[in-house]
Structures are given as C-alpha cells and as structure tokens.
Amino acid sequence: TSFRNCKMKLRRRDCLMILTNLITSVITSPAFQEWKTRYPSTFLSSIFLTYDNNQQREVQVSYVHPENNTVSTFTVHGTNVILSSERQPLVQQQIRSVKELYVDKVTFSSDDALAAAQERDTGVDHFTRFILLLENNPEPVWRVTAFSDTFTILHLSLHAETGDVLEEKITNVMAFRQGRGQ
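Residues of helix 4 (residues 110-118) that are buried: Ser110, Asp112, Ala113, Leu114, Ala116 and Ala117. Where helix 4 begins, one side-chain oxygen reaches toward the backbone nitrogen of aspartate 111, 3.3 Å away; that side chain belongs to serine 109.

What follows is the structure, encoded as structure tokens:
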C-alpha cells in the first residue's frame, strides 16, 4: 500500500524544505557549531519526533561518531537547539546497522507518516500518542509507533521515499502482561 500524494513534486519539495529547515536550524545553532569543532567526522543518523494528540512535542536530531561508535543528540525547541546527550555509546547491534541519513531522498513527510498511522485507527483503538523515527536502514524509513488509550500499540514501517508500508504490526500491552506479547 502506498500513501503517496498525487502532487508528488510539490509534496517532495515541501517535505525536503521542512527537513532541510530542521537540519539547518540544528547545524547553524551555536550548540552544534561548538560541538562540531570537537567532533568533525560525524554524520546525521536519525530524526526523532513525538506527538501527543496530534501536537508535536519533541524533535531530536542525532549524529553518529563512527570512530568511537557513539551518538550525540540535539533537541529542538522552537528556534532553540540544545545538545541533549553527547557521545552516548551505541549498542553492538546498532554499530553495524547505523547508516548516514540523507534527507534529500525523503519525499514522504512526517505528516504523511503520522496520517498513515492515524488511518489505522479502528474507532475502538483511537491512537493519541505517536513516536516517529526517520533513519536509513538501508533505505530511508519512517518507523512509527502509535499508542491508544486502550493499550493498543501500532508498529508501522514506511518507506520514506515512496510511502510504501514495509511492516505493520498491532499488539496490546495487556498481551505482554499475560505472557503473549511478541
């Protein structure tokens, strides 16, 4: 299934502009400039967003230090950018899988990924909290986790260039409690 907008050229430009503006706000911030002088050989690895009742709550942009297998994260609050964690170790499984994220390949926006998760709202399980992670593994992918008030959890992986659904799984927290969680 694909959720591509019929005006893909316009959508691609808008999506690219939003991501480019986000990255630009990070890399032009004093916090990043000071940090980058100490760690010049890093690369963009992911963008992390949280939403609560469709309101964006948090934005984090992470950069990997390949020479020492660590990650540093910048949190964006409006126009303020702060270094929220510096040189946190990657776990062994992440070391092999972390790839550089090229936002110029992303045409399926965070709004599109959020809408794709909301389309799975059954009426019984109304999703109100969302976590979105944009990463390159090996292609750009949106990983969406949605939570409902009835303890249902949706895991959705969407190709960030095409919007194609790569994986979809729905579980319930109560299944974990009863020993049936996956």
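Structure shown, so let's carry the discussion forward.
Right, let's get into the layout of surface pockets. Its volume calculated, the second largest pocket comes out at about 260 Å³. If you trace the second largest pocket, you find 17 residues lining it, with Ile18, Leu22, Leu49, Gln56 and Val59 closest to the centre. When contributions to the lining of the second largest pocket are tallied by element, the ones reaching two or more residues are helix 1 (8-27), strand 1 (43-52), strand 2 (55-65), strand 3 (70-77) and helix 4. Partitioning the lining of the second largest pocket into residue classes produces nine nonpolar, five polar and three charged.

Counting through the fold element by element, valine 144 comes out in strand 6 (residues 140-148). Judged by relative accessible area, which is 1%, valine 144 ranks as buried. Ignoring sequence-local partners within four residues, the contact set of valine 144 consists of Ala113, Ala117, Ile131, Leu132, Leu154, His155, Leu156 and Leu158.

Trans peptide bonds make up most of the peptide bonds, and negative phi angles are found at most residues other than glycine. With an omega of -15°, the peptide bond between asparagine 137 and proline 138 qualifies as cis. Despite not being glycine, arginine 87 shows a phi value in the positive range, around 55°. Classification of arginine 87 by relative accessible area gives partly exposed; the value is 37%. With a phi angle near 70°, phenylalanine 151 is a residue other than glycine that sits in the positive phi range. Position of phenylalanine 151 among the secondary structure elements: in the loop between strand 6 and strand 7 (152-159). Judged by relative accessible area, phenylalanine 151 falls into the partly exposed class, the value being 47%.

Rules and cut-offs
- Residues numbered from 1 in each chain as written.
- Predicted model: local features only at pLDDT ≥ 70, side-chain atom pairs only at ≥ 80, totals over all residues.
- Heavy atoms only, no water.
- Buried < 20%, exposed > 50% of the residue type's maximum accessible area, 1.4 Å probe, protein only.
- Helix = DSSP H or I, 4+ residues; strand = E, 2+ residues; numbered from the N terminus.
- Polar contact = N/O pair within 3.5 Å; in protein donor to acceptor, adjacent residues only side chain to side chain.
- 1 Å grid on protein atoms, 1.4 Å probe; cavity = no way out; pocket = protein on both sides within 12 Å on 5 of 7 lines; lining within 4 Å.
- Points joined across faces, edges and corners; volume = space filled by probe spheres on them.
- Nonpolar A, V, L, I, M, F, W, Y, C, P; charged D, E, K, R; others polar.
- Contact = heavy atoms within 4.5 Å.

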